[in-house]
Amino acid sequence: MSQGETLLVTGGAGYIGSHTLVELLAAGHAVLVLDNFSNSCAAVLDRVAELSGREVPWVEGDVRDTSLLQKVFAEQEQRGTPITAVLHFAALKAVGESVAEPLRYYDNNVAGTLSLLSVMQQFKVLRFVFSSSATVYGEPTALPYVEDHQIAPTNPYGHSKAMVEQLLRDLCQAREQFTAITLRYFNPIGAHPSGLLGEDPHDVPNNLFPFITKVAVGQLPALQIFGNDYETPDGTGVRDYIHVVDLAQGHLAALDYGRKQSGFHAFNLGTGRGTSVLELVAAFERVTGAAVPRQWAARRPGDIAAAWADPSLAREVLSWQARHTIDDMCADGWRWQSQHPDGYRTASPSAPVRGDPAT
Ligand code: NAD
Ligand code: WQD
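A. Looking closely at the side chain of T6. The topology assignment puts T6 in strand β1 (residues 6-10). Among the residues examined, T6 registers a relative accessible area of 6% and is labelled buried. Non-local contacts of T6, meaning those with residues more than four positions away in its chain, are made with A30, Q76, T81, P82, I83, T84 and A85.

Following this line, the structure appears as structure tokens:
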């Protein structure tokens, strides 16, 4: 356990950020969340506080607001608890939306990161953990994806992640003490085993797992399975689903590594196992007993047949590996969804402890 660090967590109220907060707090870190709540709400942070028995201070604001960032970093210095590292989750993440609104995506994801890095530079904060995505690889030239697979994204969202990765490489070249750990997430699903935290999409979900849980809970009529003629064992798309708690723990490992090592380092965070759409639906029905009505639909434009990680670099270098099974992901995801059919608008089973807004 490393005491004494204060970590800025941008996008900490989001799906992956909130699960990571729980792990950071359990490891003895202090956190400060910066989130504009464009895809989340402050109630999430009450849940994190409830789970952790710790305060979760937060600031409502945008990473593109450079003067707000300066104020946040300066106030932490004045309090004697300077920010020592940043975990940067804040981003827009819907692939289809990024095709329709590329400028919004580049502004939020790329300009937002530039703003953050420039203030970090000003305050001499040297450690950065970045939420990247397997989507930076694009069409696989070989599977599993290894970290030195070509970077060839196929949509503006993926390009925004690849651009930030390039920016981080260049910054590490220029400043030898700077450390940027880029984590390329595969397909995070599931929820905290307590049932208190989970994914809460505001609109109809784009991704498979939240769509399955919304169908199972009766809020959507049927799952559309996009394509049955891929070159995969059962014809449906294959992905590397990873439990969100495993993913969250990967950030602790990355932080520790970044304390010992400078420069740019990229790691796949996946399980190394592929699961098809039909396999995931079958596992979900078996584990939960809930029915998932489904129908065949055309392939979704831009989808690839199969994608899974080679996670051995993270295992060897970060001493991290995913431990949860597909069954765990289904059971935990269903606990969250069935107890919270309306996400964070559903009342908490017990009274929340309030995290204090920091400003
Ligand atoms: P999310 O939308 O649940 O969380 C993102 C959070 O960032 C939200 O709370 C949102 O309000 C906040 N935010 C967005 N733009 C902001 C801004 N300009 N300033 C301040 N706050 C802002 O998404 P998530 O699934 O938790 O994803 C977290 C990160 O992981 C993102 O960077 C995403 O691109 C990346 N990622 C996600 C997945 C996935 O499948 N969920 C896969 C790969 C990578
Ligand atoms: C998985 C499989 C679909 C929905 C996306 C982003 C990626 C990353 C994770 C952020 C595919 C099939 C899906 C549905 C279906 N996000 N499917 N019916 O496409 O691997 O990755 O989320 O970084 O950037 O592209 O995940 O969950 O959308 O799809 O049949 O209603 O499920 O065709 O085979 P994907 P997904």
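There's more to say after this.
B. Structural context of the sheet that holds β1. A sheet is described by the order of its strands in space; here seven strands give the open sequence β3-β2-β1-β4-β5-β6-β11, paired in parallel fashion. On the outer flanks of this sheet lie β3 (58-60) and β11 (263-269), each paired with one strand and no other. When the angles between neighbouring strand axes are averaged without regard to direction, this sheet yields 15°. Sitting on the sheet, helix α5 (residues 102-122) is in contact with β1, β4 (83-88) and β5 (127-133), with an inclination near 165° to β5.

C. The arrangement of α5 in detail. Here α5 spans 29 Å end to end across 21 residues, near enough to the 30 Å set by a 1.5 Å rise per residue. Every buried residue of α5 is listed here: Y105, N108, N109, V110, G112, T113, S115, L116, L117, V119 and M120. Buried residues along α5 sit in contact with β1, α3 (66-78), β4, α4 (95-100), β5 and α6 (156-174).

D. Here's a closer look at the pairing of strand β6 (residues 179-185). Most of β6 is tucked away, with seven of its seven residues classed as buried. Across the two faces of β6 the burial is the same, with T179, I181, L183 and Y185 and A180, T182 and R184 all buried. Relative to β6, β5 runs parallel, the two sharing seven bridges. Its bridge partner being in β6, V129 is matched across the sheet by I181. Crossover connection from β5 via α6 to parallel β6: handedness right-handed. As paired elements, β6 and β11 share seven bridges and run parallel to each other. Paired with Y185 across the two strands is L269, which belongs to β11.

E. Seen up close, the nonpolar core. L21, L24, L45, V56, L87, L183 and W320 are the most contacted members of the largest nonpolar core, which totals 45 residues. A per-element tally of this core places helix α8 (residues 244-260) first, with eight residues. Setting aside anything within four residues of it in sequence, one finds W320 in contact with I242, D246, Q249, G250, A253, N268, L269, G270, A314 and R315. Residues V63, L117, V164 and L167 belong to the second largest nonpolar core, which totals 28 residues.

F. Region of the structure containing the pairing of strand β8 (residues 223-226). Where burial is concerned, the two faces of β8 differ: the one with L223 and I225 is buried and the one with Q224 and F226 is not. In this structure, β8 lies alongside strand β13 (residues 294-297), joined through four bridges in parallel fashion. Its bridge partner being in β13, L223 is matched across the sheet by R294.

G. Molecular detail of the packing of aromatic side chains. Under the definition given, this model contains nine aromatic pairs. Between the aromatic rings of F73 and F123, the centroid separation amounts to 5.6 Å while the plane-to-plane angle is 35°, which identifies the pairing as tilted. One end of the pair, F73, is in helix α3; the other, F123, is in the loop between α5 and β5, with 50 residues separating them in the sequence. Grouping residues by exposure puts F73 and F123 together as buried. Considering the side-chain rings of W336 and Y344, the 4.8 Å spacing of their centres and the 45° angle between planes classify their relative orientation as tilted. Each member of the pair W336 and Y344 is classed as buried. In textbook terms, an aromatic cluster arises when at least three aromatic residues are bridged by ring pairs, as seen for Y137, Y145 and F186. In this structure, R299 is placed above the aromatic ring of Y230, and the distance from its NZ or CZ to the ring centre is 4.0 Å.

H. Molecular detail of the site of ligand 2. Surveying the vicinity of ligand 2 reveals 19 residues, the closest of which are Y157, L208, Q224, R239 and D303. A distance of 2.9 Å separates an oxygen atom of ligand 2 from a polar side-chain atom of N207. Of all the elements in the fold, those that place two or more residues in the shell around ligand 2 are α7 (208-216) and β8. Residue composition of the shell around ligand 2, by class: nine nonpolar, seven polar and three charged.

Analysis parameters
Residues numbered from 1 in each chain as written. Chains lettered and ligands numbered in written order. Predicted model: local features only at pLDDT ≥ 70, side-chain atom pairs only at ≥ 80, totals over all residues. Heavy atoms only, no water. Helix = DSSP H or I, 4+ residues; strand = E, 2+ residues; numbered from the N terminus. Buried < 20%, exposed > 50% of the residue type's maximum accessible area, 1.4 Å probe, protein only. Contact = heavy atoms within 4.5 Å. Pairing = 2+ DSSP bridges. Axes fitted to C-alpha atoms, helices over the stretch in contact; angles between N-to-C directions. Expected span 1.5 Å × (residues − 1). Right-handed = clockwise from strand over helix to strand, strands pointing away. Core = buried A, V, L, I, M, F, W, Y, C linked by side-chain atoms within 4.5 Å. Phe/Tyr/Trp six-rings, centres within 6.5 Å; stacked < 30°, edge-to-face > 60°. Lys NZ or Arg CZ within 6 Å of the ring centre and 35° of its normal. Near = heavy atom within 4 Å. Polar contact = N/O pair within 3.5 Å; in protein donor to acceptor, adjacent residues only side chain to side chain. Nonpolar A, V, L, I, M, F, W, Y, C, P; charged D, E, K, R; others polar.

In short, the description is geometric, and any link to function would need to be established separately.
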